[in-house]
Amino acid sequence: MPTINDIAAKVGVSKSTVSKALNNADDISETLRKKIVETAVEIGYEKNRIRKDNPKKLCVLIENMEYEDPMGFGHDIVIGFKQLAIPAGWEVETISLSEEMQKQTGYDVFMLENQYQGAFILGFSLVDPWMEELKTAHIPAVLYDNYIPENPCIAYVGVNNEEGFDMAVAHLKKLGHTAIGYLGGALESHITIARYHAYLHAMERHNLTINKDFIGCSYYISECTLTYLPILLKNHVTAILCSHDSLATAVMAHCKELKYKIPDDISIIGFDDAPFSAYTTPGLTTIRQDRNALGRCGYYALSSLLNQTAISSLLLQAELIERNSTSAVSFK
């Protein structure tokens, strides 16, 4: 394992200078400190595994997800993570990230500079700069709803999407629905791709026809509701599966504007069981993600990685929450 002496030799400075730089001492210039940290990352130096007197620090890195408001989707995930990490002796810092921050500093450099030994990462898309860096990262990270293959330092936690969509399609089929449509996000993240394929596989397993005119995917909720939803309705779907609850509630609102009664004229199912889902009119049938449990799973996975136990994926079982946005198909 590389040492401080190796860094000092490569940069051409003393061991004490390297030590000061890695501990953010005030008498080291920012330029030199940056060079030393980048060199440390380059040669694979892992400060936290050598210095046993370092504070035990983990971070939760969040982008594009509300977590401070108790009604925010990320709130309970962060709480669940902290409920296990803090009693285990870890300091946990929650940090909002932006794409610009990722471009300015690499993942391993950021972690080493701030003395974080591991990260739980929420809300990233496939195009985030750090997603490419995580393929070769040395400092452990657990991704929620994102997957990095072939790096033993990275793990994925989430809910079993295949199981969730199978439950949703089985529920609708039992109610007599066969023309089941799908509306989802643009296929540019792991989770939107996973849920799109989960819908296709569920339809196949239940021997239901897959029709391209029953499917619409877009980054924008407005495009799903204004462009794709009318196409699905024109093609006489009797039920629609949505890739997340915010989209499902928008679909319900637009259906009402078009004078469709829910669930009499059309049944709608969401995914996530977001905090607001029980309070829509009608209440939204959805696939639940236990957010507190997801946070705890994030800690389990990260703890395993920190103990050199490489795990790939940790998936929660899905749960169908039946409310009033679905009913037996109406033949008119």
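Everything quoted here is computed from the prediction, not taken from an experiment. (Residues numbered from 1 in each chain as written. Predicted model: local features only at pLDDT ≥ 70, side-chain atom pairs only at ≥ 80, totals over all residues. Heavy atoms only, no water.)

**A closer look at the packing of helix α5 (residues 75–85) against helix α13 (residues 291–306)**
Where α5 meets α13, the closest approach of the two axes is 6 Å, and the angle between their N-to-C directions is 45°. For the element pair α5 / α13, the angle class is oblique. The interaxial crossing formed by α5 with α13 has right-handed handedness. The residues of α13 that touch α5, namely those facing Asp76, Ile77, Ile79, Gly80, Phe81, Gln83, Leu84 and Ala85, are Arg291, Asn292, Leu294, Gly295, Arg296, Gly298, Tyr299, Tyr300 and Leu302. A per-class count over the contact of α5 with α13 returns 9 nonpolar, 5 polar and 3 charged. (Axes fitted to C-alpha atoms, helices over the stretch in contact; angles between N-to-C directions. Helix = DSSP H or I, 4+ residues; strand = E, 2+ residues; numbered from the N terminus. Parallel < 35°, antiparallel > 145°, perpendicular 65-115°, else oblique. Left-handed = near helix turned anticlockwise from the far one by under 90°. Contact = heavy atoms within 4.5 Å. Nonpolar A, V, L, I, M, F, W, Y, C, P; charged D, E, K, R; others polar.)

**What to know about the packing of aromatic side chains**
Counted by the stated rule, this structure contains 12 aromatic pairs. With 5.5 Å between their ring centres and 75° between their planes, Tyr107 and Trp130 make a pair best called edge-to-face. You can see Tyr107 sitting in helix α7 (residues 107–113) and its partner Trp130 sitting in helix α8 (residues 129–133), a full 23 residues away along the chain. Note on Trp130: relative accessible area 1%, which makes it buried. Each ring, one from Phe110 and one from Trp130, has its centre 5.5 Å from the other, and the planes form 50°; the classification is tilted. Here Phe110, found in helix α7, pairs with Trp130, found in helix α8; they are 20 residues apart in sequence, far enough to count as distant. Taking the relative accessible area as the measure of exposure, Phe110 reaches 13% and is therefore buried. (Phe/Tyr/Trp six-rings, centres within 6.5 Å; stacked < 30°, edge-to-face > 60°. Buried < 20%, exposed > 50% of the residue type's maximum accessible area, 1.4 Å probe, protein only.)

**Here's the deal with the sheet that holds strand β7 (residues 215–217)**
Hydrogen bonds between backbone atoms are what pair the strands of a sheet, whose relative direction is either parallel or antiparallel. Strands sit in the order β7-β6-β8-β9-β10-β12 across an open sheet of 6 strands; the sheet is mixed. Because the sheet does not close on itself, it has two edges, and the strands there are β7 and β12 (319–321). Pairs of neighbouring strands in the sheet enclose a mean axial angle of 20°, with direction left out of account. The sheet contact formed by strand β9 (residues 267–272) and strand β10 (residues 285–288) spans 4 bridges and is parallel. Along β10, the bridge assignment pairs Asp272 with Arg288. Strands β6 (180–184), β8 (239–242), β9, β10 and β12 of the sheet are contacted by helix α9 (residues 161–174), whose axis makes an angle of about 165° with β9. Here helix α10 (residues 190–205) sits on the sheet and contacts β6, β7, β8 and β9; the angle it forms with β6, its principal contact strand, is near 175°. (Pairing = 2+ DSSP bridges.)

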